[in-house]
Every structure is written in C-alpha cells, then in structure tokens.
Amino acid sequence: MATENGVKYMKQLCRHWGHKFTVEFDETHGRIELPQTVCTLDVLPAALKVSLDVAGDGDLKRMETVVEEHVKRFAFNEELAFSWASEN
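All of the points below concern the structure found in this document. Predicted model, so just to flag it, every value in this text is computed and none were measured. (Residues numbered from 1 in each chain as written. Predicted model: local features only at pLDDT ≥ 70, side-chain atom pairs only at ≥ 80, totals over all residues. Heavy atoms only, no water.)

Turning to its location among the elements, T40 is positioned in strand β3 (residues 37-44). Measuring from C-alpha to C-alpha, the distance between T40 and A2 comes to 16 Å, with 38 residues separating the pair along the chain. Other than its neighbours up to four places away in sequence, T40 contacts H29, G30, K49, V50 and S51. (Helix = DSSP H or I, 4+ residues; strand = E, 2+ residues; numbered from the N terminus. Contact = heavy atoms within 4.5 Å.)

Taking 1.5 Å of rise per residue, 12 residues should cover 16 Å, and helix α1 (residues 6-17) covers 17 Å from first to last C-alpha, within 8% of that figure. Check the buried side of α1 and you find it contacts β1 (22-25), β2 (29-34), β3, β4 (47-54) and α2 (60-74). (Expected span 1.5 Å × (residues − 1).)

Another aspect to go through is the packing of aromatic side chains. What the rule picks out here adds up to 2 aromatic pairs. On the numbers, 6.4 Å between centres and 80 degrees between planes, the contact of W17 with F21 is edge-to-face. Between the aromatic rings of F82 and W84, the centroid separation amounts to 5.8 Å while the plane-to-plane angle is 20 degrees, which identifies the pairing as stacked. Residue class for W84 comes out partly exposed when judged on its relative accessible area of 24%. (Phe/Tyr/Trp six-rings, centres within 6.5 Å; stacked < 30°, edge-to-face > 60°. Buried < 20%, exposed > 50% of the residue type's maximum accessible area, 1.4 Å probe, protein only.)

Here the focus is the packing of α1 against α2. Running from N to C, α1 and α2 cross one another at 115 degrees; their axes reach a closest spacing of 10 Å. For the element pair α1 / α2, the angle class is roughly perpendicular. As α1 packs across α2, the resulting crossing turns out to be right-handed. Seen from α1, the contacting residues are Y9, Q12, L13, H16 and W17; seen from α2, they are V66, V67, H70, V71 and F74. Taken together, the residues that form the contact of α1 with α2 break down as 7 nonpolar, 3 polar and no charged. (Axes fitted to C-alpha atoms, helices over the stretch in contact; angles between N-to-C directions. Parallel < 35°, antiparallel > 145°, perpendicular 65-115°, else oblique. Left-handed = near helix turned anticlockwise from the far one by under 90°. Nonpolar A, V, L, I, M, F, W, Y, C, P; charged D, E, K, R; others polar.)

The next thing to look at is the nonpolar core. One finds L13, I32, C39, L41, L48, V67 and V71 to be the most contacted residues of the largest nonpolar core, which totals 21 residues. Broken down by element, the residue count for this core peaks at 5 residues, all from α1. Discounting residues that sit within four places of it in the chain, L48 has contacts with M1, T3, G6, Y9, M10, L41, D42 and V43. (Core = buried A, V, L, I, M, F, W, Y, C linked by side-chain atoms within 4.5 Å.)

Applying the stated rule across the entire model yields 4 salt bridges. Here K61 and E64 are joined by a salt bridge, their closest N and O atoms 3.5 Å apart. Residue K61 and its partner E64 are located together in helix α2, separated by 3 residues, close to a single helical turn. K61 sits in the exposed class, given a relative accessible area of 59%. Judged by its relative accessible area of 8%, E64 falls in the buried class. Of the charged contacts, one joins E68 and K72 as a salt bridge, the two residues approaching to 3.7 Å between their closest N and O atoms. Remark: K72 and E68 occur in helix α2; sequence separation between them is 4 residues, near one turn of the helix. (Salt bridge = Lys/Arg side-chain N within 4 Å of Asp/Glu carboxyl O.)

The structure is reproduced here in structure tokens:
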C-alpha cells in the first residue's frame, strides 16, 4: 500500500498484536505469528508491503480483511488502498 507512514503503521500493528501473539520488529521489518498465519511487514520508500502466509486450511481472504481493518484504524487520517496479490 502506498504511504509515507509505513514505519508508523508497521510498529502500531506489531505493538497492538504483540499482547496476544509472537511479534518481532525493527525500523523496517515486522513479523507477526497469528493463528495459522504469519504476517510479514516490510517498509519500503513511500509504501508498506504486507505479506500473509496462511497455513493449511486457513482463510486467506478473512486474514486479508482482518489486517486491512486493523491498519486502517491506525491510519484514520489517511486513505489507504490495499492491493493484495498472489505470489504463486
């Protein structure tokens, strides 16, 4: 997603979920271990790349929606457009 606030949103999401899940992050990369899903966040120039690795019979569309809703709550002053793409 295009944003100048990638570091901010990545850190907020990692801190938010860090109370319930295993999380690690630094200034440019985050990793969140959700049930049946690993969410990876990479801060790029003017963008935040979010990748989901859903195990087994996990629901990819549901997890995309969950991540989008959380990030959009943190970005209430900015209109974000997610563009999910399969890497297969």
